[in-house]
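# An overview of the molecular structure
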Amino acid sequence: GDKSAPQVSPSQSKGDFSHPVYKEIALANGHINRMTKEELRIKLAELKLDTRGVKDVMKKRLKSHYKKQKLMQTAAEGGPTDTYYDYICVVDFEATCEEDNPSDFLHEIIEFPMVLINTHTLEIVDTFQEYVKPELNPQLSDFCVKLTGITQKMVEEADPFPVVLQRVVSWLQERELGTKYKYAILTDGSWDMSKFLNIQCRVSRIKYPPFAKKWINIRKSYGNFYKVPRTQTKLSTMLEKLGLTYEGRPHSGLDDSRNIARIAVRMLQDGCQLRVNERMHGGQLLSVPSSAPVEGAPPPHNPRSRD
């Protein structure tokens, strides 16, 4: 069915903010801008909102809260704050690597994790994890083992990428993603798709899967939403600025994915509308402008051969 929420005014999508509610929001924002860190913390606590994070994060949280409230009152539930996707699927690959990768090094995916967020309940509802057997460089470097915690035995007992990708597709299909529910892929940076998945599909001689052609790069979303420079969007920094700490083992793909999911959940709670902002086209990484119509990922299908 159509999940688009009622709009505040018919022309609002064209950027017409003349409705009086926007005047109120602007006034509230001005007031919040003048608050001290302590005042922000007290106000957030009064509203039973999260009080963690640096000043800018708290400011944004409070502004989003008021904006959402005012739009809710105006738009009879939902308002333009509605989350478009029903589910967000976080992916963070681990790949073969050397201490000093030559520029032409063909990275192969050795761990395929997924963490599924229900955007309506704001909960992590499911996870998937499989290791993958590399074929070009079947022997992992000591550097790679130390970095990822993935051992030679783990990859030797794993299946090659096309087989794992088939199980990924089945997992997504069982959860009716792209059919009954709208969903989007989310990654930390653009490398997972534009580099690792892209190279892996060439190595495995399969076509790049259409369901992974567009994704949410959370670093971009985070930078734009909290107004921080690109240099402050490393995973550890994003967590820290939100007052969160890393849980698990860094560079375990599944643990990285879970922590990225925690950031995504917090951003949704803070009023951010996470949207697809990057895509692959003809093997090239491209930006998706925020003005582009929002659409979910297509239903996943089994990998097709390149030959």
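No experiment lies behind these values; they were computed from the predicted model shown.

## Comments concerning the overall build of the protein
Along the backbone of the protein there are 10 helices and nine strands. Its C-alpha atoms give the protein a radius of gyration of 21 Å, within 12% of the compact-globule value 19 Å for 307 residues. For the protein, the spread of C-alpha atoms along the principal axes amounts to about 60 × 40 × 30 Å. Classification of the 307 residues of the protein by burial places 46% in the buried group. Long-range contacts, defined as pairs at least 24 residues apart, comprise 67% of the intrachain contacts of the protein with a sequence gap of at least 6. Just so you have it, the protein exposes about 15500 Å², and 51% of that area is on carbon and sulfur atoms. In the protein, 44 side chains carry a positive charge and 39 a negative one; their mean positions are 8 Å apart.

## With respect to the domain arrangement of the protein
Split into domains, the protein comes out as domain 1 (20-74) and domain 2 (87-287). If you average the C-alpha positions of domain 1 and of domain 2, the two centres end up 32 Å apart. Between domain 1 and domain 2, the residue contacts involve eight residues of the former and nine residues of the latter. Both faces considered, domain 1 and domain 2 share a buried interface measuring about 860 Å² in area, 51% of it formed by carbon and sulfur atoms. If you look at where domain 1 meets domain 2, you find two salt bridges. For Asp270, the salt bridge goes to Arg61, with nearest N and O atoms at 2.7 Å. At the boundary of domain 1 and domain 2, one finds five residue pairs in polar contact (both at pLDDT 80 or more).

## Focus on the UniProt feature "domain: SAP" (unreviewed entry) in the protein
UniProt feature "domain: SAP" (unreviewed entry): in the numbering of this structure it lies at residues 32-66. The annotated region residues 32-66 carries 69% helix and 0% strand content, and the separation between its end C-alpha atoms amounts to 10 Å.

## A word on the pairing of strand E1 (residues 87-91)
Taken across its five residues, E1 has five buried, putting it largely inside the fold. By the alternation rule, side chains of E1 split into Tyr87, Cys89 and Val91 and Ile88 and Val90, which are all buried. Sheet topology places E1 next to strand E6 (residues 183-187); four bridges connect them, and they run parallel. The residue bridging Tyr87 from the neighbouring strand is Tyr183, located in E6.

## Comments concerning helix H1 (residues 20-33)
Relative to the 20 Å expected for 14 residues at 1.5 Å per residue, H1 spans 20 Å between its end C-alpha atoms, a close match to the ideal helical length. Buried within H1 we find Val21, Tyr22, Ile25, Ala28, Gly30 and Ile32.

## A closer look at the side chain of Arg262
Its location among the elements puts Arg262 in helix H10 (residues 253-269). Using a relative accessible area of 18% as the deciding quantity, one classes Arg262 as buried. Leaving out residues up to four positions away in the same chain, Arg262 has contacts with Leu239, Leu244, Thr245, Tyr246 and Glu247.

## Some thoughts on the state of the cysteines
Scanning the entire structure with this criterion turns up zero disulfides. Take Cys97: it sits in no disulfide, and the sulfur closest to it among the cysteines is that of Cys144, at 3.8 Å. Among the residues examined, Cys97 registers a relative accessible area of 10% and is labelled buried.

## Focus on the packing of aromatic side chains
Per the counting criterion, the structure on display carries eight aromatic pairs. Geometrically, the ring pair formed by Tyr87 and Tyr181 is edge-to-face, given 5.3 Å between the ring centres and 80 degrees between the ring planes. Note that Tyr87 is positioned in strand E1 and Tyr181 in the loop between helix H6 (161-174) and E6, a separation of 94 residues in sequence. Cluster of aromatic residues (ring-pair linked, three or more members): Phe93, Phe112 and Phe161.

Cut-offs and rules
- Residues numbered from 1 in each chain as written.
- Predicted model: local features only at pLDDT ≥ 70, side-chain atom pairs only at ≥ 80, totals over all residues.
- Heavy atoms only, no water.
- Helix = DSSP H or I, 4+ residues; strand = E, 2+ residues; numbered from the N terminus.
- Rg over C-alpha atoms; globule rule 2.2 N^0.38 Å.
- Buried < 20%, exposed > 50% of the residue type's maximum accessible area, 1.4 Å probe, protein only.
- Contact = heavy atoms within 4.5 Å.
- Areas by Shrake-Rupley, 256 points an atom, 1.4 Å probe, with all protein chains shown as cover.
- Lys, Arg positive; Asp, Glu negative; His and termini not counted.
- Charge placed at Lys NZ, Arg CZ, Asp CG, Glu CD.
- Domains from an automatic or database assignment.
- Buried area = accessible area lost by both parts, 1.4 Å probe.
- Salt bridge = Lys/Arg side-chain N within 4 Å of Asp/Glu carboxyl O.
- Polar contact = N/O pair within 3.5 Å; in protein donor to acceptor, adjacent residues only side chain to side chain.
- UniProt positions renumbered as here; feature names shortened; annotations may be inferred.
- Pairing = 2+ DSSP bridges.
- Expected span 1.5 Å × (residues − 1).
- Disulfide = S-S within 2.5 Å.
- Phe/Tyr/Trp six-rings, centres within 6.5 Å; stacked < 30°, edge-to-face > 60°.

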